[in-house]
Amino acid sequence: MSTQQMPPVEGGETRSLSNVGDIFSDISRNLSTLIQQELALARAEATESAKKAGKGAGMFSGAAVAIHFAALFISIALWWAVGNEIGRGWSALIGGVVWAAIGAVLAVKGKKERKQVQGMPKTAQTARKVPDALKGNEGVA
């Protein structure tokens, strides 16, 4: 009775089909390593994205506070200037309408920007290759 030979493995040695346990052990170990690497990549990408997002959010918060105070004082000055001509009530209404329009434009632009968030593209790309790699088709893509 002849023993069928398997293709060479990492060390260059060949295995017989009688070592099925060793083959499954290798598959299990390789699959575990692959999953660990995918998780490490996802963790690294998420950490990098979170750091950049946090830094940007902090800077935008500071800018928002400064702009808020500037807009407040400019609005009060314009309210008094226009109020001298048409009355304080009407000038306050005009100021409110202008700020409502500015808020609406910013909300629309913010929604558009939020839709452009990419997430973790490298992790998603490599994760799509896992099923093919498990089938032995890792070179096909």
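Our subject is the structure that appears above.
These figures come from a predicted structure and were not determined experimentally.

Participant: Any chance you could break down the packing of helix α1 (residues 20-86) against helix α2 (residues 88-114) for me, citing the residues and the numbers?
Facilitator: At a minimum axis distance of 7 Å, the contact between α1 and α2 shows a crossing angle of 140°. As judged from the angle between their axes, α1 and α2 are oblique. By crossing handedness, the relation of α1 to α2 is classed as right-handed. Counting all contacts with α1, which are made through A71, S75, W79, W80, V82, G83, N84 and I86, the residues of α2 involved are R88, W90, S91, A92, I94 and W99. Across the contact of α1 with α2, the residue classes tally to nine nonpolar, four polar and one charged.

Participant: Describe a nonpolar patch on the surface, listing the residues and the values that go with them.
Facilitator: A cluster of nonpolar side chains, contributed by V82, I86, W90, L93, I94, V97, V98, W99, I102 and L106, occupies part of the molecular surface with about 950 Å² of accessible area. Here the nonpolar patch takes eight residues from α2, the largest share from any one element. You can see L106 is positioned in helix α2. Overall, the relative accessible area of 55% leaves L106 in the exposed class.

Cut-offs and rules
Residues numbered from 1 in each chain as written. Predicted model: local features only at pLDDT ≥ 70, side-chain atom pairs only at ≥ 80, totals over all residues. Heavy atoms only, no water. Axes fitted to C-alpha atoms, helices over the stretch in contact; angles between N-to-C directions. Helix = DSSP H or I, 4+ residues; strand = E, 2+ residues; numbered from the N terminus. Parallel < 35°, antiparallel > 145°, perpendicular 65-115°, else oblique. Left-handed = near helix turned anticlockwise from the far one by under 90°. Contact = heavy atoms within 4.5 Å. Nonpolar A, V, L, I, M, F, W, Y, C, P; charged D, E, K, R; others polar. Patch = residues over 30% accessible without salt bridge, like charges linked within 9 Å, V, L, I, M, F, W, Y side chains within 5 Å. Areas by Shrake-Rupley, 256 points an atom, 1.4 Å probe, with all protein chains shown as cover. Salt bridge = Lys/Arg side-chain N within 4 Å of Asp/Glu carboxyl O. Buried < 20%, exposed > 50% of the residue type's maximum accessible area, 1.4 Å probe, protein only.

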